[in-house]
Amino acid sequence: MIIRILPSLNDRQQWIEFCRREAPYCFVEQPDTLVDFQSTHLVITLLNKQVRNGKEAVKYSIGSRQSVEPAWHFIKACRFSLEHMVQGLEDIEFMGNVRDNSHSGFIPDVNIRQFFAKEQAVISPAFLGELEPLSKTPEHWELHQCCRLLANGQFQDLRFEKKALNGEYGGAPDPQTLLISLVEKPDHWRIRLRDSRLWLINGKQPLYSLVLMLGSVTARPSKRLQQRESQYNQIALKQVL
């Protein structure tokens, strides 16, 4: 299944590898969460193998506006264990939607806030099945079927259909990047089959199109995200870890 999922985040090396990703944003299987490092804040979304509507998910934001170090001190204080972090966060009694500073005694300047997610499309990966190849053309196209095409290479002539400001079309799209966009933001997309091409429509704008090749199954895309460290992660890894 082509989606960014980590089995766990429970030791120092796993956190280092996570933060060296170009985008430190991944689902984690155990505990079932969505973990996102946003600038100076660590954001943990609890999915608990039951969230189908993202707006039902509880989120925690840990960090400081001034520096990334408080978030890293929190990770270190929890012995780099995401399970330990989640257990501790769930034990905190929050008053409404305000920040809680009860951890400031041993983690300087850290703020912890609990709130509900705004993203309706965020669901637990426990509800996502394997993206198996298509054996026949569906009578009615759905987004999941298009994801199966992209994951198994059952297409050709993938095009970016939106014109740039200079009136020219963009270059060849990356199938994996497109697939991740479909999986992570399904509410934004519609699928239409017209003139032997499958069209992917974002809002009212056709953005991509491709030709079906159902008789062909190739290896699923394996291109990894480039692991470029941002400046704040370089500082954190050197000074905190």
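Residues numbered from 1 in each chain as written. Predicted model: local features only at pLDDT ≥ 70, side-chain atom pairs only at ≥ 80, totals over all residues. Heavy atoms only, no water.

Residues Trp15, Leu42, Ile44 and Met85 are the most contacted members of the largest nonpolar core, which totals 29 residues. Broken down by secondary-structure element, the contributors of at least two residues to this core are α1 (12-19), β2 (25-28), β3 (33-38), β4 (41-46), β5 (58-63), α2 (69-77) and α3 (82-91). Counting residues in hydrophobic clusters, the runner-up holds 22 residues, among them Leu131, Leu134, Leu178 and Ile191. (Core = buried A, V, L, I, M, F, W, Y, C linked by side-chain atoms within 4.5 Å. Buried < 20%, exposed > 50% of the residue type's maximum accessible area, 1.4 Å probe, protein only. Helix = DSSP H or I, 4+ residues; strand = E, 2+ residues; numbered from the N terminus.)

In this section: the sheet that holds strand β11 (residues 205-212). Strand pairing in a sheet takes place through backbone hydrogen bonds and is either antiparallel or parallel in direction. Strand order across the open sheet formed by 4 strands is β8-β11-β10-β9, with antiparallel pairing between neighbours. The outermost strands of the open sheet, each flanked by one partner alone, are β8 (155-160) and β9 (189-194). Strand-to-strand twist across the sheet, computed as the mean angle between neighbouring axes with direction ignored, equals 20°. (Pairing = 2+ DSSP bridges. Axes fitted to C-alpha atoms, helices over the stretch in contact; angles between N-to-C directions.)

Turning our eyes to something else, we now look at helix α4 (residues 143-151). With 7 of 9 residues buried, α4 lies mostly within the body of the structure. Looking one or two places after α4, you find glycine 153, whose phi comes out positive at around 65°.

To describe a pair of aromatic rings, you give the distance between the ring centres and the angle between the ring planes. Counting across every chain of the model gives 4 aromatic pairs. With 5.4 Å between their ring centres and 35° between their planes, phenylalanine 37 and tryptophan 72 make a pair best called tilted. Taken together, the positions of phenylalanine 37 in strand β3 and tryptophan 72 in helix α2 put the pair 35 residues apart, joining distant regions of the chain. Grouping residues by exposure puts phenylalanine 37 and tryptophan 72 together as buried. Taking 6.0 Å as the distance between ring centres and 40° as the angle between the ring planes, the aromatic pair formed by tryptophan 189 and tyrosine 208 counts as tilted. Residue tryptophan 189 is found in strand β9, and its partner tyrosine 208 is found in strand β11; the two are separated by 19 residues along the sequence. Exposure class is identical for tryptophan 189 and tyrosine 208. Each is buried. What links up through ring pairs into an aromatic cluster is the set Phe160, Trp189 and Tyr208. Directly above the aromatic system of phenylalanine 115 lies the positively charged group of arginine 113, at a separation of 4.4 Å from the ring centroid. A cation sits over an aromatic face here: arginine 194 above tryptophan 199, 4.9 Å from the ring centre. (Phe/Tyr/Trp six-rings, centres within 6.5 Å; stacked < 30°, edge-to-face > 60°. Lys NZ or Arg CZ within 6 Å of the ring centre and 35° of its normal.)

The predicted coordinates of low-pLDDT regions are not to be read in fine detail. Overall, the predicted model of the chain reaches an average pLDDT of 77, with 70% of residues at or above 70. The low-confidence segment residues 101-105 (pLDDT under 50) makes 6 contacts with residues lying over four places distant or belonging to another chain. (pLDDT = per-residue confidence, 0-100. Contact = heavy atoms within 4.5 Å.)

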